[in-house]
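Structure at a glance
Each chain, written out:
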Amino acid sequence: PAVREKATIDAEILSLGLKEKNYRDAQFNARNSLWQLPQLIREAKDRAVAFGKFAQAVEQSAAQALDLIVNNKRYTDREQIEKIITLTIATLVEEKAKNPVVIGAVPGGNLEFRPHWMGGHEITFTSSDGTASVAIGAYTRGSTCLEHLGRARSQVAEKAKELEGRVQYLNTQEPVLQ
């Protein structure tokens, strides 16, 4: 009976030690979150402003016909645009591009090729100043990229609203700092 009681007490002590460690970790994480909150608010505001501007540019260009500007040359024929995008992606994949490359300017922003560090790539719709972007997908055909570009345009407005809501929430948390 004494051995069993000692084992029970040892297990209880171990359990209390783990609870204390978890409590201290939670306290550390809470303090760290408070310390990082002002920076998090600033970054969220910057992203919200960037996506707000991007959303405005996309909205203003909504009525424009599809065109692609590559090396200061404007292309308006959809088939030609699809071929240019397809060939550009194929060339960048073949060359194993390591850095993001702007395929061309489209109304409201840029179509950009972004390689992944693990291989593969992603096509993004990026603001003209490069501060905001929405993923289109890992496509290799220009026609597919253009189809998904339409969805990406609506995602920009959704993301702008989402980030504005996040900023408002974080602003309500700011008084906690005082």
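Residues numbered from 1 in each chain as written. Predicted model: local features only at pLDDT ≥ 70, side-chain atom pairs only at ≥ 80, totals over all residues. Heavy atoms only, no water.

**Notes on the pattern of salt bridges**
Applying the stated criterion to the full structure yields seven salt bridges. Among the ionic pairs, Arg-74 bridges to Asp-67, the shortest N-O distance being 2.0 Å. Since its relative accessible area comes to 52%, Arg-74 is described here as exposed. Salt-bridge contacts for Glu-162 lead to Lys-159; the nearest nitrogen and oxygen are separated by 3.9 Å. (Salt bridge = Lys/Arg side-chain N within 4 Å of Asp/Glu carboxyl O. Buried < 20%, exposed > 50% of the residue type's maximum accessible area, 1.4 Å probe, protein only.)

**Considering the environment of Leu-146**
Relative to the helices and strands, Leu-146 is located in helix H3 (residues 142–173). A C-alpha to C-alpha distance of 9.1 Å links Leu-146 and Arg-78, two positions 68 residues apart in sequence. Beyond its immediate sequence surroundings of up to four residues, Leu-146 is in contact with Leu-66, Arg-78, Ile-81, Glu-82 and Ile-85. (Helix = DSSP H or I, 4+ residues; strand = E, 2+ residues; numbered from the N terminus. Contact = heavy atoms within 4.5 Å.)

**Regarding the confidence of the model for the chain**
Overall, the predicted model of the chain reaches an average pLDDT of 88, with 97% of residues at or above 70. By mean pLDDT, H3 is the weakest element of the chain at 86, and strand S5 (residues 121–126) is the strongest at 93. (pLDDT = per-residue confidence, 0-100.)

**Here we look at the packing of aromatic side chains**
Evaluation of the coordinates by the stated rule reveals two aromatic pairs. Geometrically, the ring pair formed by Phe-51 and Phe-54 is tilted, given 6.3 Å between the ring centres and 55 degrees between the ring planes. Here Phe-54 and Phe-51 lie together in helix H1 (residues 2–60), a separation of three residues that amounts to about one turn. Where Phe-54 meets Phe-125, the ring centres are 5.0 Å apart and the plane angle is 45 degrees; that geometry is what we call tilted. Residue Phe-54 is found in helix H1, and its partner Phe-125 is found in strand S5; the two are separated by 71 residues along the sequence. Here the two residues Phe-54 and Phe-125 agree in accessibility, since each one is buried. An aromatic cluster is built from Phe-51, Phe-54 and Phe-125, whose rings are joined through pairwise contacts. (Phe/Tyr/Trp six-rings, centres within 6.5 Å; stacked < 30°, edge-to-face > 60°.)

**Let's talk about the nonpolar core**
Ranked by size, the top nonpolar core spans 36 residues in total, and within it Phe-51, Ile-85, Ile-123, Phe-125 and Val-156 carry the most contacts. At the level of secondary structure, the elements contributing two or more residues to this core comprise H1, strand S1 (68–70), helix H2 (78–94), strand S3 (101–106), strand S4 (109–115), S5, strand S6 (133–137) and H3. (Core = buried A, V, L, I, M, F, W, Y, C linked by side-chain atoms within 4.5 Å.)

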